[in-house]
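Here is how the chains run, residue by residue.
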Amino acid sequence: MKNCNPPPKAVNSCDLTLCMLSSGSKGNSIYISNGTTSILVDAGLSGIEIERRMKSKELLPEKLDAIVISHEHADHIHGVGVLSRRYSIPVYISNKTFKAASPFLGKVYEFKKFECGEKFKINNLIFHPFSISHDAEDTAGFTVSQNSTKIGIATDLGIATTMVKEHLKKCSVLILEANHDPDMLENGPYPWPLKQRIKSRTGHLSNEQSKALLQEIQHDELEHVILSHISETNNTPQKAISVVGQAITCCRPNLDFASQYQSGALLQISDRYSSL
Ligand SMILES: [Zn+2]
Ligand SMILES: [Zn+2]
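Residues numbered from 1 in each chain as written. Chains lettered and ligands numbered in written order. Predicted model: local features only at pLDDT ≥ 70, side-chain atom pairs only at ≥ 80, totals over all residues.

Asks: Looking at this structure, I do not really get the overall build of the protein. What am I missing?
Replies: A count of helices and strands for the protein gives nine helices and 14 strands. In terms of principal-axis extent, the alpha carbons of the protein reach across some 45 × 45 × 35 Å. Excluding contacts between residues fewer than 6 apart, the proportion of contacts in the protein whose partners are at least 24 apart in sequence is 67%. (Helix = DSSP H or I, 4+ residues; strand = E, 2+ residues; numbered from the N terminus. Contact = placed C-beta atoms within 7 Å.)

Asks: So what exactly am I meant to see when it comes to the nonpolar core here?
Replies: For soluble globular proteins, the rule of thumb is that nonpolar side chains tend to be buried together. With 67 residues, the main nonpolar core has L18, I30, I67 and L227 as its most contacted residues. A total of five residues in this core trace back to one element, the largest contributor, which is strand β1 (residues 16-22). Residues in contact with I67, not counting those within four places in the same chain, are I39, L40, A43, V80, L83, S84, I89 and V91. (Core = buried A, V, L, I, M, F, W, Y, C linked by C-beta atoms within 7 Å. Buried ≥ 20, exposed ≤ 12 C-beta atoms within 10 Å, placed from the backbone.)

Asks: Help me out: how do you make sense of the sheet that holds strand β5 (residues 90-94) in this one?
Replies: Across a sheet, paired strands are connected by hydrogen bonds in the backbone, their directions being either parallel or antiparallel. Read from one edge of the open sheet, seven strands run β6-β5-β4-β3-β2-β1-β14, paired in mixed fashion. Among the strands making up the open sheet, the edge pair consists of β6 (110-114) and β14 (267-269). Strand-to-strand, the axes of this sheet are offset by a mean angle of 25 degrees, without reference to chain direction. Bridging between β5 and β6 involves five bridges; their strand directions are parallel. Residue pairing across strands places V91 opposite F111, the latter belonging to β6. Sitting on the sheet, helix α1 (residues 47-56) is in contact with β1 and β2 (29-33), with an inclination near 135 degrees to β1. Relative to β5, helix α4 (residues 95-105) is tilted by about 110 degrees, and along the sheet it contacts β5 and β6. (Pairing = 2+ DSSP bridges. Axes fitted to C-alpha atoms, helices over the stretch in contact; angles between N-to-C directions.)

Asks: How should I be thinking about the pairing of strand β12 (residues 224-228) in this particular structure?
Replies: Successive residues of a regular strand alternate their side chains across the two faces of the sheet. Most of β12 is tucked away, with four of its five residues classed as buried. One ladder, built from five bridges, connects strand β11 (residues 173-177) with β12; its direction is parallel. Its bridge partner lying in β12, I175 is registered against I226. For the crossover that starts at β12, traverses helix α9 (residues 237-245) and ends in the parallel strand β13 (residues 254-257), the hand is right-handed. (Right-handed = clockwise from strand over helix to strand, strands pointing away.)

Asks: For this particular structure, what's the right way to read the environment of D42?
Replies: Position of D42 relative to the elements: it lies in the loop between β3 (38-41) and α1. When the C-alpha positions of D42 and I30 are compared, they lie 6.7 Å apart, and in sequence the two are 12 residues distant.

Asks: What's the story with the sheet that holds strand β8 (residues 125-131) in this structure? I'm lost.
Replies: Spatially, the seven strands line up as an open sheet ordered β7-β8-β9-β10-β11-β12-β13, and their pairing is mixed. Among the strands making up the open sheet, the edge pair consists of β7 (120-122) and β13. Taking each pair of neighbouring strands and ignoring which way they run, the sheet shows an average axis angle of 20 degrees. Here six bridges tie β8 to strand β9 (residues 140-146), and the two strands are oriented antiparallel to one another. By the bridge assignment for β9, H128 is matched with T143. Taken strand by strand, helix α8 (residues 207-217) contacts β11 and β12, and its axis lies near 155 degrees from that of β11. α9 contacts β12 and β13 of the sheet and is inclined by roughly 150 degrees relative to β13.

Asks: Would you mind going over helix α3 (residues 80-87) with me for this structure?
Replies: The periodicity of an α-helix, 3.6 residues per turn, causes residues three or four places apart in sequence to face the same way. Where α3 is concerned, the buried positions are V80, G81, L83 and S84. Among the residues trailing α3, S88 stands out with phi positive, at a value near 55 degrees.

Asks: Even after reading the chapter, I still don't get unusual backbone geometry, so can you show me in this structure?
Replies: Glycine aside, negative phi is the norm for most residues, and most peptide bonds take the trans geometry. Backbone geometry places D42, a non-glycine residue, at a positive phi of 70 degrees. One non-glycine residue, S88, lies in positive phi territory at about 55 degrees. Note that S88 resides in the loop between α3 and β5.

Asks: Where do I start with the environment of E216 in this structure?
Replies: Here E216 is to be found in helix α8. We classify E216 as exposed; it has 12 C-beta atoms within 10 Å. Considered as a pair, E216 and I89 are 127 residues apart in the sequence and their alpha carbons are 37 Å apart.

As structure tokens, then:
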């Protein structure tokens, strides 16, 4: 992965900075900033751990403008309430997810509602949430755009529908689920009903399914692919990279994976439009 070094103080305010703070069943959180607006997509680790991981990258929780929630599973919302209250951060959430998540979030600074399919802005970042078949009340994937630069986020997919593929086209950065290796899942220790749930249209995407998705949506301007929500029981990062990497034929993007045990590198994504 292209490592942006030194960290964001030196980044052009038009560029986007992205950091995978965590991804996996223990917690998911993605930091995105354009220098003036900074947000988290999900905050599924404890508030303290998210603070610790941000500060280790010289990112300031008190500068967060929003936390945007994909769905109500604990690995996506665990730290939301604490961070929102501590730093007065608005929480963006769909109406249906709000109903399912609010008992677990406690009091938050402010809720702002969105609907899947309808774009919304947080300052000058444009979010386009879209529906995903994963088994929560109203799971959302997102694209986050600034000018011609687009980040696609789809970490709990179930299956990749035609609509999901449409949204994920023309992204500069793709954060894609590669949850399990089918053989490891089949022969692994999970009880049969859980195996069935993971494999189903409302579960998680396998390495092979992620490869098929990437084959369809790769394009010449794709710069980075980050594999996420990798199971530590039913997959390995090496398997995920090896299988999904076979999809890449055209554009040679950087291919990396996100861990749940440590934050990834700070990734700087040039805003091509603003540098013209
Ligand atoms: Zn989930
Ligand atoms: Zn999840």
